[in-house]
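# Close look at the chain arrangement
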Amino acid sequence: QVQLVESGGGLVQAGGSLRLSCAASGGTFSTYPMGWFRQAPGKEREFVAAVTWSGVSTYSADSVKGRFTISRDNANNKMFLQLNNLKPEDTAVYYCARSSSRNRVGSLRYDYDYWGQGTQVTVSS
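Residues numbered from 1 in each chain as written. Predicted model: local features only at pLDDT ≥ 70, side-chain atom pairs only at ≥ 80, totals over all residues. Heavy atoms only, no water.

### What to know about the state of the cysteines
Think of a disulfide as a covalent bridge from one cysteine sulfur atom to another cysteine sulfur atom. The final tally for this structure, using the stated rule, is 1 disulfide. In this model Cys22 forms its disulfide with Cys96; the gap between the sulfur atoms is 2.1 Å. Across the disulfide from Cys22 to Cys96, rotation about the S-S bond amounts to roughly 60°, and the bridge is consequently right-handed. Of this pair, Cys22 sits in strand β3 (residues 18-25) while Cys96 sits in strand β9 (residues 92-99), placing them 74 residues apart in sequence. You can call Cys22 buried: its relative accessible area is 0%. (Disulfide = S-S within 2.5 Å. Helix = DSSP H or I, 4+ residues; strand = E, 2+ residues; numbered from the N terminus. Buried < 20%, exposed > 50% of the residue type's maximum accessible area, 1.4 Å probe, protein only.)

See below:
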């Protein structure tokens, strides 16, 4: 069983930055793609970004391209999401997740089988 714990959320003004962390334990992390999703009140959980097991390739939703950067540190079983130039519409609970397949980097919720509890990001205007 993989346990994922997010941290780094908070309240920030529009235009500000945050760095989210995801710490993994209890299972295999370094050989699986990982992803970040977010869920705003009353909305579906949506894909934000994903990274291959090696960290070489990354993928981002159009809404965050150029502002958010995903990365990982396999030596320490951690993944990160750097959020820059934040907007009020980025307000959501952010979740990290591990892919259910070693060979596929997906953007659907069902492509991931282990999830953290989430960290709240609130952006004020």
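### Focus on the sheet that holds β3
Backbone hydrogen bonds hold the strands of a sheet together, and the pairing may be parallel or antiparallel. Spatially, β1-β3-β8-β7 is the arrangement adopted by the 4 strands of the open sheet, whose pairing is antiparallel. Looking at strand neighbours, the two that pair on one side only are β1 (3-7) and β7 (68-73), the edges of this open sheet. With strand direction ignored, the average angle separating the axes of adjacent strands in the sheet is 15°. Pairing between β7 and strand β8 (residues 78-83): 6 bridges, direction antiparallel. Directly across from Thr69, in β8, lies its bridge partner Gln82. (Pairing = 2+ DSSP bridges. Axes fitted to C-alpha atoms, helices over the stretch in contact; angles between N-to-C directions.)

By themselves, these figures tell us nothing about what the structure is for.
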